[in-house]
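Residue-level listing of the chains:
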Amino acid sequence: MTAITADIVAVPRIIRSPGFWHGVIRRLSRDPVALVALCIVIALIAIAILAPYLAPYDPAKTSVIRRLKPIGTPGYLLGTDELGRDMLSRLIYGARLSLVMGVIPVPIAFIIGSTIGIIAGYAGGIVNTLIMRTVDVFYAFPSVLLAVALSGALGSGLTNALVSLTVVFIPQIARVAESVTTQVRRLDYVDAARASGANAPTIIVVHVLSNVLGPIFVFATSLISVSMILASGLSFLGLGVRPPDAEWGLMLNSLRTAIYVNPYVAALPGVMIFVTSICFNLFSDGLRTAMDVKS
Amino acid sequence: MTDYLHRSMGDLDPRDRGGPAQPLVSVQGLVKHFPVKSSGLFQPRKVVRAVDSINFEILKGETLGVVGESGCGKSTTARLLMQLVKPDKGEVLFDGETVGGAISLGDYRRQVQMVFQDSYASLNPRLTIEESVSFGPRVHGVPAQTAIARAHDLLHRVGLEPNRFAGRYPHELSGGQRQRVNIARALALEPRLVILDEAVSALDKSVEAQVLNLLLDLKRDFGLTYLFISHDLNVVRFMCDRVMVMYLGKVAEIGSRDAIFERTKHPYSAALLASMPSMDPQARALEPPLVGDPPSPIDPPSGCRFHTRCKFAEDICAQIVPPLAAISQAQSAACLMSMPRSGHSHAPVHGDL
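Residues numbered from 1 in each chain as written. Chains lettered and ligands numbered in written order. Predicted model: local features only at pLDDT ≥ 70, side-chain atom pairs only at ≥ 80, totals over all residues. Heavy atoms only, no water.

Turning next to the overall build of chain B. Each helix and strand in chain B was counted, giving 10 helices and 12 strands. Relative to the 2.2 N^0.38 estimate, which gives 20 Å for 353 residues, the radius of gyration of chain B is 22 Å and therefore close to what a compact globule would have. Judged by the C-alpha coordinates and their principal axes, chain B covers about 65 × 50 × 50 Å. Counting over 353 residues, chain B shows a buried share of 51%. By element, 52% of the accessible surface of chain B is carried by carbon and sulfur atoms, the whole surface being about 16200 Å². Computed over 39 positive and 38 negative side-chain charges, the separation of the two mean positions in chain B equals 4 Å. (Helix = DSSP H or I, 4+ residues; strand = E, 2+ residues; numbered from the N terminus. Rg over C-alpha atoms; globule rule 2.2 N^0.38 Å. Buried < 20%, exposed > 50% of the residue type's maximum accessible area, 1.4 Å probe, protein only. Areas by Shrake-Rupley, 256 points an atom, 1.4 Å probe, with all protein chains shown as cover. Lys, Arg positive; Asp, Glu negative; His and termini not counted. Charge placed at Lys NZ, Arg CZ, Asp CG, Glu CD.)

On to the UniProt feature "domain: ABC transmembrane type-1" (unreviewed entry) in chain A, then. UniProt records the feature "domain: ABC transmembrane type-1" (unreviewed entry) at residues 95-284 of chain A, using the numbering of this structure. Within residues 95-284 of chain A, the helical portion is 83% and the strand portion 0%, while the C-alpha atoms at the span's ends are 20 Å from each other. (UniProt positions renumbered as here; feature names shortened; annotations may be inferred.)

Glancing now at the sheet that holds strand β4 (residues 89-94) of chain B. Residues and elements named next belong to chain B. Strand order in the open sheet made by the four strands is β2-β1-β4-β5, with antiparallel pairing throughout. Only two strands of the sheet have a single neighbouring strand rather than two, namely β2 (46-58) and β5 (97-98). Sheet topology note: the strand β1 (residues 25-36)/β4 ladder contains five bridges and is antiparallel. Each residue of the ladder has a partner; that of S26, found in β4, is L93. Along the sheet, helix α1 (residues 74-81) makes contact with β1, β2 and β4, crossing β2 at roughly 65°. (Pairing = 2+ DSSP bridges. Contact = heavy atoms within 4.5 Å. Axes fitted to C-alpha atoms, helices over the stretch in contact; angles between N-to-C directions.)

Our focus in this paragraph is the environment of P23(B). Assignment of secondary structure puts P23(B) in the segment before β1. When near neighbours in sequence (up to four residues on either side) are disregarded, P23(B) contacts E57(B), I58(B), L59(B), D95(B) and G96(B).

In this section: a nonpolar patch on the surface. All names here are of chain A. On the surface, a nonpolar cluster with roughly 600 Å² of combined accessible area is contributed by I45, I47, I49, L50, Y53 and L54. At three residues, helix α3 (residues 32-49) tops the list of elements feeding residues into the nonpolar patch. As for its position among the elements, L50 is in the loop between α3 and α4 (51-54). (Patch = residues over 30% accessible without salt bridge, like charges linked within 9 Å, V, L, I, M, F, W, Y side chains within 5 Å. Salt bridge = Lys/Arg side-chain N within 4 Å of Asp/Glu carboxyl O.)

The next thing to look at is the pattern of salt bridges. Tallied over the entire structure, the rule returns 24 salt bridges over all chains. Salt-bridge contacts for R242(B) lead to E62(B); the nearest nitrogen and oxygen are separated by 2.9 Å. Residue R242(B) is located in strand β9 (residues 242-247), and its partner E62(B) is located in the loop between β2 and β3 (63-67); the two are separated by 180 residues in the primary sequence. Just as R242(B) is buried, E62(B) falls in that class too. Here the salt bridges share partners, and the residues they tie into one network are D188(A), D191(A), R194(A) and R79(B).

Right, let's get into the sheet that holds strand β7 (residues 193-197) of chain B. Residues and elements named next belong to chain B. Ordered by their spatial adjacency, eight strands build an open sheet running β6-β7-β8-β3-β9-β10-β12-β11, and the pairing between neighbours is mixed. On the outer flanks of this sheet lie β6 (112-115) and β11 (325-328), each paired with one strand and no other. Pairs of neighbouring strands in the sheet enclose a mean axial angle of 20°, with direction left out of account. Sheet analysis places β3 next to β9, joined by four bridges and oriented parallel. Bridged to G65 within β9 is V243. Packed onto the sheet, helix α6 (residues 175-187) meets β6 and β7 and runs at close to 170° relative to β6.

Once that is clear, we can look at helix α6 (residues 105-123) of chain A. Residue and element names in this part refer to chain A. The end-to-end C-alpha separation of α6 is 27 Å, in line with the 27 Å expected for 19 residues at 1.5 Å each. By the burial criterion, the buried members of α6 are P105, V106, A109, F110, G113, S114, G117, I118, A120, G121 and Y122. As for α6, its buried residues are in contact with α5 (87-103), α7 (125-139), α9 (158-185), α10 (188-195) and α11 (200-236). Note on α6: the residue one or two positions beyond its end, G124, has a positive phi of about 65°. (Expected span 1.5 Å × (residues − 1).)

Each aromatic ring pair is summarised here by two numbers: the centre-to-centre distance and the angle between the ring planes. With the rule as written, the count across this model stands at five aromatic pairs over all chains. Note on F110(A) and F217(A): the rings are 6.1 Å apart at their centroids and 75° apart in plane angle, and the pair reads as edge-to-face. Of this pair, F110(A) sits in helix α6 while F217(A) sits in helix α11; the two residues are 107 residues apart in sequence, bridging distant segments of the chain. Residues Y247(B) and F306(B) carry aromatic rings whose centres are separated by 5.0 Å and whose planes lie at 85° to one another, so their mutual orientation is edge-to-face. Placement of the pair is Y247(B) in strand β9 and F306(B) in the loop between α10 (267-274) and β11, with a sequence separation of 59 residues. The exposure classification of Y247(B) matches that of F306(B), with both residues buried. An aromatic cluster is present here, built from Y247(B), Y268(B) and F306(B) joined pairwise through their rings. The aromatic ring of Y139(A) is capped on one face by R175(A), whose charged end is 4.3 Å from the ring centroid. (Phe/Tyr/Trp six-rings, centres within 6.5 Å; stacked < 30°, edge-to-face > 60°. Lys NZ or Arg CZ within 6 Å of the ring centre and 35° of its normal.)

Our focus in this paragraph is the packing of α5(A) against helix α13 (residues 263-291) of chain A. A pair of packed helices can be characterised by two numbers: the angle between their axes and the separation between those axes. All names here are of chain A. Where α5 contacts α13, the axes come no closer than 11 Å and their chain directions differ by 40°. On the basis of their axis angle, the class for α5 and α13 is oblique. At the point where α5 passes α13, the crossing takes the right-handed sense. Across from M87, L91, L99 and V103 in α5, the residues of α13 making contact are V265, L268, P269, M272, T276 and F280. When grouped by side-chain class, the residues that make up the contact of α5 with α13 number nine nonpolar, one polar and no charged. (Parallel < 35°, antiparallel > 145°, perpendicular 65-115°, else oblique. Left-handed = near helix turned anticlockwise from the far one by under 90°. Nonpolar A, V, L, I, M, F, W, Y, C, P; charged D, E, K, R; others polar.)

Residue and element names in this part refer to chain B. Where helix α3 (residues 129-139) contacts helix α4 (residues 144-157), the axes come no closer than 8 Å and their chain directions differ by 120°. Between α3 and α4, the interaxial angle falls into the category oblique. The hand of the α3/α4 crossing is right-handed. Residues I129, E130, V133, S134, P137 and R138 of α3 form the contact with α4, whose participating residues are A144, A147, I148, R150, A151, H152 and L155. Grouping the amino acids of the contact of α3 with α4 by side-chain chemistry returns eight nonpolar, two polar and three charged.

Following this line, the structure appears as structure tokens:
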């Protein structure tokens, strides 16, 4: 009884609507495809982190007598590669470098590309023209070609591959950021903020960022799968990770000679690249749908 | 910080400089031309003459209505006044002081606020209502708590219970509620002039009436001056003390509401008034008073810009640009027919001022 009267007497509380991201997570949690994709991605990340505990063998341990065993060989569940190394262990360890190379360039490019694009989009006019035409020079090259050319110029190695992938993605993200910002800048609430005397940095932080980061973020997540494939491609060409490190693209390259002897084993790294990139893509699609407020 | 809420009209605004006789805003020779993409490399650059040398004054405490067809420069005038676009020529005096000169842009913007037509596009969808309303004061250094409290006061004042609405997002509100939020946001900086750019045009008729009455109440309580842009002549007649008629970037006629609505001296104003739908079935016009679209503001007609559609047009109208001249104390028109000895056959022989 006292509880009820206290409730009635209490000052009416301000009703607060759940925020935008709350709604996004709620909608995302109702999308089975995106959830499954997210689970697989999380599982892959867990496998990469826990690789030393999960891998049955040392991924670098070679054996002359156990070369190219087929899938299902007792003790070697996924067979062995052309140097007799256990495929399961190498795929597990390979997840580490492959995920690093696939994922790391995207957030770096996201930060740099968004900054460039938002400044260009908000400033407009001659600043926009200068920035965006410079970006277009990079954008004119096909991304694979640009990544290969940059990696080739910088020399092989993990860091150089990451740098070149980042540079490849910056123009793409900058273009998306610029076009989204240009749209938002024309809206009346930006004019209203200008009319209330706010300066450009304040308007960008309060009014522009919250409305453009979502779409740019969705685009960036879709780039992770591209980054995975490009990174594998660089390793395949000998421009990324150096042997004997395990990386899926590199494994694909070294097993290429065995494709007539043991095609299923040779295809395994490719399957991993495919599954990982498609999961990132499906999750990104789900995110895009969940962020569409109009529904 | 909230004493402005209780200021009545009799109290003198401490920011008032020139006294009641000084116009709040005086616009002198304002020009804005927007460049358009030229059709060829060696073609001369063309411009849209959106606002072409206009002069007018907004008196303290009045509501000045601005009417005209789409594309006549109403919204550009509002944005020029708001300093959202830079004028090519001309200046704006606010209470006798040059904007950007004697009065800084920052101070000016505190005193002039705007309500836009599209209630949804003018609110940031990611901010709650209280965040949107308190943004302006916080930009000007009001502490967050005070700004939020002031936002709640204002929301209450425009008829939105802060408990129910302050924490909500714009998409959860109806059009009329959103427009009330926009009005509260405009008032948060305690402006003296509020520019209402088609502020009620997108609302349902019943909601429109509520918002119009709210605007009248707020004007009285806060001692505001309004620039009221609309294409709805009935609403203008209801709201405004004086009316300015614009045509193709120029002022066709300006005067008191009664002068414009009862004895207009410009054929364009007359045509606009004739196009108002009548409630009387006998008075319904079967012929549209104005035919066709207005000419392109890129290549406006020579002389009087209205001569291509004016039924009184004579040769002289294509040659002389009629100046905006006073006809009586309360009315000025830019028409050769009301200019003594202009050469138009309808022109008066003597000035009868």
